[in-house]
2 protein chains.
Amino acid sequence: MKPNPQITTGPMPASSKLYVPGSLHDIRVPMRRIALTGEGPLTVYDSSGPYTDPAAQIDIRGGLPAVRGAWLTGRGDAEPYLGRPLTAADNGFVDGKRLTPAFPHQRDPLRATKGAVTQLAYARAGIITPEMEYVAIRENEGRTAAYTRDGEDFGASIPDLVTPEFVRSEIARGRAVIPANINHPELEPMIIGRNFLVKINANIGNSAVTSSMEEEVDKMVWAIRWGADTVMDLSTGRNIHNIRDWIIRNAPVPIGTVPLYQALEKVGGIAEDLTWEIYRDTLIEQAEQGVDYFTIHAGVRLHMIPMTARRVTGIVSRGGSIMAKWCLHHHRESFLYDRFDEICEIMRAYDVTFSLGDGLRPGSIADANDQAQFAELETLGELTKRAWARDCQVFIEGPGHVPMHKLKANMDKQLEHCHEAPFYTLGPLTTDIAPGYDHITSAIGAAMIGWFGTAMLCYVTPKEHLGLPDRDDVKTGVITYKLAAHAADLAKGHPGAQMRDDALSRARFDFRWQDQFNLGLDPDTAREMHDETMPADAHKVAHFCSMCGPKFCSMKISHDIRATAEKQQGMERMADLFREKGQLYVPADG
Amino acid sequence: MKPNPQITTGPMPASSKLYVPGSLHDIRVPMRRIALTGEGPLTVYDSSGPYTDPAAQIDIRGGLPAVRGAWLTGRGDAEPYLGRPLTAADNGFVDGKRLTPAFPHQRDPLRATKGAVTQLAYARAGIITPEMEYVAIRENEGRTAAYTRDGEDFGASIPDLVTPEFVRSEIARGRAVIPANINHPELEPMIIGRNFLVKINANIGNSAVTSSMEEEVDKMVWAIRWGADTVMDLSTGRNIHNIRDWIIRNAPVPIGTVPLYQALEKVGGIAEDLTWEIYRDTLIEQAEQGVDYFTIHAGVRLHMIPMTARRVTGIVSRGGSIMAKWCLHHHRESFLYDRFDEICEIMRAYDVTFSLGDGLRPGSIADANDQAQFAELETLGELTKRAWARDCQVFIEGPGHVPMHKLKANMDKQLEHCHEAPFYTLGPLTTDIAPGYDHITSAIGAAMIGWFGTAMLCYVTPKEHLGLPDRDDVKTGVITYKLAAHAADLAKGHPGAQMRDDALSRARFDFRWQDQFNLGLDPDTAREMHDETMPADAHKVAHFCSMCGPKFCSMKISHDIRATAEKQQGMERMADLFREKGQLYVPADG
């Protein structure tokens, strides 16, 4: 009996969990193995955590096992301390029955005893951490050699196989990050960088109506089941602290937040009343909980705000608009910018990664690539250097809404101004005329900018601009972004990307329907669509589908052609003859 | 009371029909005007025909009015004749109750009295036909000047405003086509070419189970309601002739077919039994009915077939595989290639446009841009010249399955080998790993290749590779391809494309929810999604949505910022000061 029937568990179709051991460290790296009927199994990247492992005991009241526990204590550079006390404001002053229960098992938080405990600090010191070996193994997906290298990578440096040393060197030069708060021992580490697989993020968040912790945890579990590599908790309102605790304790993926949202809650939603002290307190609160990356809109500077005056859609970043309002009201530079070095001190003590927010990103095609956007980008580059100077890990957020012909400039400018720190974009949407379909308008931009070098793509669901995504919308958004990220990997010439395409194509050509479904990103939907018109089991081996029927199935005819040709002479030999002699088809009796 | 309750009629939300008269000819060009609450109306392209005009009397038993009737007779170069007699084979030997009734009003077909009656022949002779003036007006969408020109067009020549003479010159040089059979007088002409708006095609077709003619007509009406510019009838099986008649008589858009499918039916589905005589008879049968363009796989030559031997997915074009089988069996060049000049004689006598089929297009990422594909493309270029020499209109079909980094080469080679004849691609899919989501994997490729210069995009529905699309799938496919085509227009710098994006973005920023819905490609879905969480009418004027709620609405805060700034000094003036002086924010009392 499942202890938490609300949580989605169980393996993906035809899939089993595989754990690959490390050679430097005591680690077990999870992968998913898809069993096939007509050829050997395919091993693929697996972000879903223990929830898809039938051997795992899932109980969200206990949280996930602390896979990183020994690694963290083994380093001896951080120690537990009596954390910041919980306040009523942390949960929006809710009490009694409306208060979400606290997560039952509270650990004392860890904090650096001195200096930085970041992956960047270790990398610079020449140390290959367990996290680094873990992601190196993970990125190879069981490959021992390159499969196919055929792409245009625009100057990236993707190796045939990822080694732990390569991971270390990429982190050391700031070109990749492993978001991994030392207070998130449940994390299965993953890496974000241009020379690795393109990653995707899914946003979740409670609505104004109180959600239960099971519901919130399941949103996260559901998103990673379909392939989300990180999850941002954008909750606002009541119970925000306690729900976040439940999410992190049960999250095998990095959790990101925008601490400004909670800080704003603490001042009753009045942007002008925000202070550095309240913000700082919120950073520490969330760092102690184990949030792996913070979106911080420190690039919105006072002098940039007038640059948005003539925009069609003004400032569309929530964090950006809140800080702009604060700046204008107080007539001064934002505390995020002024106190940036102090923020770095917090980040390095827990290894919270900076996601430098693009508060002035465009909110429409009309505003793309404007002065405000690029002025902020330059500031983000300046802040990147300041964060790196303190051994903090950094990635950079990007737009938003950008037509196709302006995408490349975004990537090029980001690489230039931000010194190759990883880029993390929201889409971008390539047109504004399709509300209800913005997962698609943005998947076009996401695939392209991923190809150009963006390391992580933040998903957009069909509900974007219209309302809160439900379970189906989250799945649609995640699958859409997985396919966009994969299209980008293919185009970059990632040495393993084409394995899955080819395996699926072979299954398709061989009429191995079950293999075709199971190799897809969403086996359930593919199977359902096929079964709408051909439900019988016999049809799962049929040499045609209902699209064309047996007489018009090109693949069936292709098989007939091969059989005919092979009977005559062997098609391969005919092909060779043609290639050798460059002449017309050689008849069987020639 | 509607005479045909099965047919979808009625205007799109907040929209009315507008007819713009010509100045050279007696024509009325339909457009759609979207009424807005906060600004003047927006006029957009309208492919939906009389079905969205409340003033139109729709009765599919009578067919649509013959808007081109007088234009055709006025030219005096074609005359009615006693057409080819209907045979039992034309409807798959079905009779009695299972026979779909013939369309009630049969006209004698028109045929050229001598020479060519093609738009290309007229254009070369310096004649601006009513069709040419019609599409010129249509392409401008009510604009009298360029709106915004900001794009990368890769060497296209898109004018600020389309003139009838520009249309004529583009057709004369083969760079654009108006598919318009002289036996399709119900047609509202449209143009396909790189220097015009990117168009989309939707495929329909009856399944093995007999469909009623109402169902088939409504599939077409449904597809054009959402924006399909042309419709291909890919029906096979029984009643194929009679159903096609019902479709064409009720179609305001060009109808395309693959005549080989019907020819194959006539020989009981045995590819080897196909003959030039049966094929020729089918061409004439369909030309007399009024089919506007034929897909003809004349580029599949005998010596190319062995080039597909090592492919992962062989030959995936139905027409291509049928012809390859024929060629192999008979050990000779296909009759489509051998008899190409005779085919041209038929095409020019009715002005049926060639859609030169890519029978060897790749069916998987693995097979993209291979020797077979490009060998065929070169042959299509040779055939283009032969067709042009006989004054036939031509466009070229393209792939299929192509990863992003190989897309541009497809466009470049097509332009080079096919002498700028319009390109018409199927997607292409940019990855094979997402069955059930191939409308999206292919929309990425479609948007990009549309940007690079492809003139028309053939839609892919979510059911691709899995089964026959239903009504919802058709709509999803059409909307997805409309947004991809529009993203391409934006990126090319089409001088009118951004008007709609900007109008929608202004509506969004102003919280004009109804305008935002109505300006979108699918107002119904956008409205439904919004209403799931905020159903009340009062919410349609709310200055926030359920995504972020009132406290976190960036657009609401942006308005607050503008109001604050304007009270202080005027944000525009501050912006000017900043721009002039390049200094930090100037305080109110400065």
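Source: prediction; values computed, not measured.

What follows deals with the overall build of chain A. The number of helices and strands found in chain A is 20 helices and 15 strands. Taking 25 Å as the expected radius of gyration for a compact globule of 590 residues, we find that chain A reaches 25 Å, a close match to that expectation. Viewed in the frame of its principal axes, chain A has a C-alpha envelope of about 90 × 55 × 50 Å. When each of the 590 residues of chain A is scored for burial, the buried share is 68%. Counting contacts in chain A only where the partners sit at least 6 residues apart, residues at least 24 apart contribute 75% of the total. Accessible surface for chain A amounts to roughly 18700 Å². Of this, 52% is attributable to carbon and sulfur atoms. Considering chain A, the positive charge centre built from 63 side chains and the negative charge centre built from 77 side chains are found 1 Å apart.

Two side chains of opposite charge can pair, provided their charged atoms sit close to one another. Tallying each qualifying case throughout the model produces 92 salt bridges over all chains. Residues arginine 301 of chain A and glutamate 333 of chain A are paired through a salt bridge, measuring 2.9 Å at the closest nitrogen-oxygen approach. Of the two residues, arginine 301 of chain A is situated in the loop between strand S11 (293–296) and helix H9 (318–330) and glutamate 333 of chain A in the loop between H9 and helix H10 (335–338); the sequence distance between them amounts to 32 residues. A relative accessible area of 16% means that arginine 301 of chain A is categorised as buried. By relative accessible area, glutamate 333 of chain A is classed as buried at 13%. Arginine 339 of chain B is the salt-bridge partner of glutamate 342 of chain B, the closest N and O atoms lying 3.1 Å from each other. It is possible to trace a salt-bridge network through shared partners that takes in Arg84, Asp90, Arg244, Lys266, Asp281 and Glu285 of chain A.

So, about the interface of chain B and chain A. Listed per partner, the contact involves 122 residues of chain B and 122 residues of chain A. A combined buried area of about 10600 Å² lies between chain B and chain A, and 67% of that area is made up of carbon and sulfur atoms. Taken together, the connections running from chain B to chain A amount to 6 salt bridges. One salt bridge connects aspartate 150 of chain A with lysine 406 of chain B, and the closest N-O pair in it is separated by 2.7 Å.

Turning our eyes to something else, we now look at the confidence of the model for chain A. Residues and elements named next belong to chain A. Model confidence for chain A is summarised by a mean pLDDT of 93, while 94% of its residues fall at 70 or above. With pLDDT under 50 throughout, residues 582–590 is counted as low confidence; its partners more than four residues away or in other chains account for 17 contacts. Two summary scores accompany this predicted model of the complex, namely pTM at 0.95 and ipTM at 0.95.

Once that is clear, we can look at the sheet that holds strand S8 (residues 199–204) of chain B. In a beta sheet, neighbouring strands pair by backbone hydrogen bonds and run either parallel or antiparallel. Residues and elements named next belong to chain B. Read around the closed barrel, 8 strands run S8-S9-S10-S11-S12-S13-S14-S15, paired in parallel fashion. On average, each strand axis in the sheet is tilted by 25° relative to the strand beside it, whichever way the strands run. Inspection of the sheet shows S8 paired to strand S9 (residues 230–233) by 4 bridges, in the parallel sense. Looking across to S9, one finds that asparagine 201 is bridged to threonine 230. Where helix H8 (residues 276–289) meets the sheet, its contacts fall on strand S10 (255–257) and strand S11 (293–296), and the angle it forms with S11 comes to roughly 160°.

The next subject is the relation of the copies chain B and chain A. Superposing chain B onto chain A takes a rotation of 180° plus a shift of 0.0 Å along the axis, which leaves an RMSD of 0.0 Å. Taken together, these values place the two copies in the relation of a two-fold axis. If distances are taken from each C-alpha of chain B to the rotation axis, the shortest is found for isoleucine 444 of chain B, at 2.4 Å. When you check the interface residues of chain B against chain A, 100% turn up at the interface there too, and the contact is symmetric in its surfaces.

So, about the packing of aromatic side chains. Applying the stated rule across the entire model yields 30 aromatic pairs over all chains. When the ring of tryptophan 71 of chain B is compared with that of tyrosine 134 of chain B, the centres are 5.9 Å apart and the planes differ by 55°; the resulting orientation is tilted. With tryptophan 71 of chain B in helix H1 (residues 69–75) and tyrosine 134 of chain B in helix H3 (residues 130–140), the pair connects residues that are 63 residues apart, well separated along the chain. The residues tryptophan 71 of chain B and tyrosine 134 of chain B share a single accessibility class, namely buried. Here tryptophan 222 of chain B and tryptophan 226 of chain B contribute two aromatic rings whose centre-to-centre distance is 5.6 Å and whose plane-to-plane angle is 85°, an arrangement assigned as edge-to-face. In terms of burial, tryptophan 222 of chain B and tryptophan 226 of chain B fall into one category: buried. Site record: aromatic cluster; members linked through ring pairs are Trp276, Tyr279, Trp326 and Phe335 of chain A. Cation over ring: arginine 111 of chain A sits above tyrosine 81 of chain A, and NZ or CZ is 3.7 Å from the ring centre.

Residues and elements named next belong to chain B. Topologically, arginine 84 is positioned in the loop between strand S4 (78–80) and strand S5 (110–112). A distance of 2.7 Å separates a polar atom in the side chain of arginine 84 from a polar atom in the side chain of aspartate 90. When near neighbours in sequence (up to four residues on either side) are disregarded, arginine 84 contacts Asp90, Lys266, Asp281, Glu285 and Glu288.

This next bit is on the packing of H8 of chain B against helix H11 (residues 340–350) of chain B. The description of two helices packed together rests on the angle between their axes and the distance between the axes. Residues and elements named next belong to chain B. Packing of H8 against H11 brings their axes to within 10 Å, and their N-to-C directions diverge by 10°. Compared by their axis directions, H8 and H11 come out roughly parallel. For the pair formed by H8 and H11, the contact residues are Trp276, Tyr279, Arg280, Leu283, Ile284, Ala287 and Glu288 on the first element and Glu342, Ile343, Ile346 and Tyr350 on the second.

With that out of the way, let us pick up the pairing of strand S14 (residues 423–426) of chain B. Looking along a regular strand, one sees side chains alternate from face to face of the sheet. Residue and element names in this part refer to chain B. Of the two faces of S14, both are covered, the one formed by Phe423 and Thr425 as well as the one formed by Tyr424 and Leu426. Examined bridge by bridge, strand S13 (residues 394–398) and S14 share 3 bridges and lie parallel to one another. Paired with glycine 398 across the strands is threonine 425, a residue of S14. Here 3 bridges tie S14 to strand S15 (residues 456–458), and the two strands are oriented parallel to one another.

What follows covers the environment of threonine 275 of chain B. Residue and element names in this part refer to chain B. Here threonine 275 lies in the loop between helix H7 (259–266) and H8. Classification of threonine 275 as partly exposed rests on a relative accessible area of 27%. Separated by 3.1 Å, the side chain of threonine 275 and the backbone nitrogen of isoleucine 278 make a polar contact.

Turning next to helix H15 (residues 471–492) of chain B. Residues that lie three or four places apart on an α-helix share one face, since the helix turns once every 3.6 residues. Residues and elements named next belong to chain B. Taking 1.5 Å per residue as the helical rise, H15 with its 22 residues ought to reach 32 Å, and the 32 Å between its terminal C-alpha atoms agrees with that figure. By the criterion of burial, H15 is predominantly enclosed, with 18 of the 22 residues buried. One side-chain oxygen at the N-terminal end of H15 lies 3.1 Å from the backbone nitrogen of aspartate 472; it belongs to aspartate 470. Two residues or fewer past H15, glycine 493 is found with a positive phi of approximately 80°.

This part is about helix H14 (residues 438–452) of chain A. Residues and elements named next belong to chain A. Helix length check: H14, at 15 residues, gives a terminal C-alpha distance of 21 Å against a target of 21 Å (1.5 Å per residue), a fit within 8%. In terms of burial, H14 is a largely internal element, 15 of the 15 residues being buried. The positive-phi residue at the C-terminal boundary of H14 is glycine 453, with phi of around 140°.

On to the sheet that holds S11 of chain A, then. In space, the 8 strands of this closed barrel follow the order S8-S9-S10-S11-S12-S13-S14-S15 (chain A), with parallel pairing throughout. The average angle at which neighbouring strand axes cross in this sheet is 25°, direction not considered.

Here we take up the packing of helix H6 (residues 240–249) of chain B against H8 of chain B. Residue and element names in this part refer to chain B. Between H6 and H8, the least distance of the axes is 10 Å, while the angle of their chain directions is 30°. As far as their axial angle goes, H8 and H6 are roughly parallel. Of the two possible hands of crossing, H6 and H8 adopt the one that is right-handed. Residue-level contacts link His241, Arg244, Asp245, Ile248 and Arg249 of H6 to Glu285, Gln286 and Gln289 of H8. Residues that form the contact of H6 with H8 fall into these classes: 1 nonpolar, 3 polar and 4 charged.

So, on to the pairing of strand S2 (residues 28–34) of chain A. Residue and element names in this part refer to chain A. Most of S2 is tucked away, with 5 of its 7 residues classed as buried. Of the pairings in the sheet, the one linking strand S1 (residues 15–21) to S2 comprises 7 bridges and is antiparallel in character. Bridged to valine 20 within S2 is valine 29. In sequence, S1 turns back onto S2 through a hairpin of 6 residues. Sheet topology note: the S2/strand S3 (residues 42–44) ladder contains 3 bridges and is antiparallel. Bridge pairing in S3 places arginine 33 opposite threonine 43.

Scoring rules and cut-offs
- Residues numbered from 1 in each chain as written.
- Chains lettered and ligands numbered in written order.
- Predicted model: local features only at pLDDT ≥ 70, side-chain atom pairs only at ≥ 80, totals over all residues.
- Heavy atoms only, no water.
- Helix = DSSP H or I, 4+ residues; strand = E, 2+ residues; numbered from the N terminus.
- Rg over C-alpha atoms; globule rule 2.2 N^0.38 Å.
- Buried < 20%, exposed > 50% of the residue type's maximum accessible area, 1.4 Å probe, protein only.
- Contact = heavy atoms within 4.5 Å.
- Areas by Shrake-Rupley, 256 points an atom, 1.4 Å probe, with all protein chains shown as cover.
- Lys, Arg positive; Asp, Glu negative; His and termini not counted.
- Charge placed at Lys NZ, Arg CZ, Asp CG, Glu CD.
- Salt bridge = Lys/Arg side-chain N within 4 Å of Asp/Glu carboxyl O.
- Buried area = accessible area lost by both parts, 1.4 Å probe.
- pLDDT = per-residue confidence, 0-100.
- Pairing = 2+ DSSP bridges.
- Axes fitted to C-alpha atoms, helices over the stretch in contact; angles between N-to-C directions.
- Least-squares fit on C-alpha atoms with pLDDT ≥ 70 in both.
- Phe/Tyr/Trp six-rings, centres within 6.5 Å; stacked < 30°, edge-to-face > 60°.
- Lys NZ or Arg CZ within 6 Å of the ring centre and 35° of its normal.
- Polar contact = N/O pair within 3.5 Å; in protein donor to acceptor, adjacent residues only side chain to side chain.
- Parallel < 35°, antiparallel > 145°, perpendicular 65-115°, else oblique.
- Expected span 1.5 Å × (residues − 1).
- Left-handed = near helix turned anticlockwise from the far one by under 90°.
- Nonpolar A, V, L, I, M, F, W, Y, C, P; charged D, E, K, R; others polar.

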